Amino acid sequence: MLLINEEAPNFTAETSQGTINFHEWLGNGWGVLFSHPKDFTPVCTTELGYMAGLKPEFEKRNCKIMGLSVDTVSSHTKWSVDIEETQGHKVTYPMIGDQTLKIAKLYGMLPAEAGDTCEGRTAADTAAVRTVFVVGRDKKIKLMLSYPMSTGRNFDEVLRVIDSMQLTAKHKVATPVNWRPGDDVIILPAVSDDEAKQKYPGGWKAPRPYLRIVPSPE
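Just so you know, the residues in each chain are numbered from 1, in the order the chain's sequence is written. Under the rules for a predicted model, residues below a pLDDT of 70 receive no local features and side-chain atom pairs below 80 are neither given nor counted, while totals for whole chains, interfaces and linings still include all residues. Side-chain measures were taken over the full set of non-hydrogen atoms in the model, leaving aside hydrogen atoms and water.

## A word on the sheet that holds strand β10 (residues 205–208)
The pairing of strands in a sheet comes from backbone hydrogen bonds and takes either a parallel or an antiparallel form.
Then, in step 1: The four strands lie next to each other as β8-β9-β11-β10, forming an open sheet whose pairing is antiparallel. On the outer flanks of this sheet lie β8 (173–174) and β10, each paired with one strand and no other.
Then, in step 2: Bridging between β10 and strand β11 (residues 211–214) involves two bridges; their strand directions are antiparallel. Within the sheet, the bridge partner assigned to Lys 205 lies in β11 and is Ile 213. At least two bridges found by DSSP between two strands are what make those strands a pair. Put simply, DSSP marks the helices as runs of H or I at least four residues long and the strands as runs of E at least two long, and each gets a number from the N terminus on.

Shown next as structure tokens:
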């Protein structure tokens, strides 16, 4: 099982945009890898289309997006036509062909004994392949979200979390429940009051000594 802050396993795979080495493709930026149990499935069709529309928002955050589905690249190419026609957005990010289940197993979405081919499988056979992985600039996993097949994913939430992680990576703060960009933040417990006074000379609200709330530094 993968854990937060472990290095995202590297791989080389065939995609709808040619052969890609994952770490090289990420470069010096962030990345989102989101997976699907089968092509031509209804919920996934809506998700891939929505992500295509959100791609500019991820680019603003120096974050690339890549899809994975347990099927062939040629199948992905045919599916992308349906996605564009029904969802109104052309898929311009790479989609990995994982017909041997190699990457699904590498990322812990399927057990090692799951077999080595997509042939003869239904979406229910690979239902666990529905995880969003967010990878930081250091190639480490920052977020994992797994969903059931019956529930469409909230990719606006993924953007929100990336905003939080990029802010907190730059400043010694954390973001509270339901935080949105521009909302107040929390000074980390590791920051002493003396250090906090230098950073926030205007002070902070502290309903408890360990809960120090200040305006967002950005």
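## Observations regarding the packing of aromatic side chains
Geometrically, a pair of aromatic rings is defined through the distance of the ring centres and the angle of the planes.
Then, in step 1: Aromatic rings from Phe, Tyr and Trp, with only the six-membered ring used for Trp, were paired whenever their centres fell within 6.5 Å, and each pair was classed as stacked if the ring planes differed by under 30 degrees, edge-to-face if by over 60, and tilted otherwise. According to the stated counting rule, one finds seven aromatic pairs in the structure shown.
Then, in step 2: Taking 5.0 Å as the distance between ring centres and 70° as the angle between the ring planes, the aromatic pair formed by Tyr 107 and Phe 133 counts as edge-to-face. Of the two residues, Tyr 107 sits in the loop between α4 (102–106) and β6 (131–135) while Phe 133 sits in strand β6, which places them 26 residues apart along the sequence.
Then, in step 3: The buried label applies to any residue whose accessible area, calculated with a 1.4 Å probe on protein chains only, is under 20% of its type's maximum; exposed applies above 50%, and partly exposed to all values in between. Assessed through its relative accessible area of 2%, Phe 133 is described here as buried.
Then, in step 4: Taken together through their ring pairs, the aromatic side chains of Phe 11, Phe 22, Trp 25, Tyr 107 and Phe 133 make up a single cluster.

## Thoughts on the pattern of salt bridges
Then, in step 1: Should a side-chain nitrogen of Lys or Arg be within 4 Å of a carboxyl oxygen of Asp or Glu, the pair is scored as a salt bridge. Scanning the entire structure with this criterion turns up 13 salt bridges.
Then, in step 2: Between Arg 153 and Glu 47 there is a salt bridge, and its shortest N-O distance comes to 2.9 Å. With Arg 153 in the loop between β7 (141–146) and α5 (155–170) and Glu 47 in helix α2 (residues 42–60), the pair connects residues that are 106 residues apart, well separated along the chain. Considered together, Arg 153 and Glu 47 belong to a single accessibility category, that of buried residues.
Then, in step 3: When the shortest N-O distance is used, the salt bridge between Lys 170 and Glu 218 registers 3.0 Å. Within this pair, whereas Lys 170 is found in helix α5, its partner Glu 218 is found in the segment after β11, the two being separated by 48 residues in sequence. In this pair, the class of Lys 170 matches that of Glu 218, namely exposed.
Then, in step 4: Overlapping salt bridges, with partners in common, bring together Glu 57, Lys 60, Arg 61 and Asp 163 in one network.

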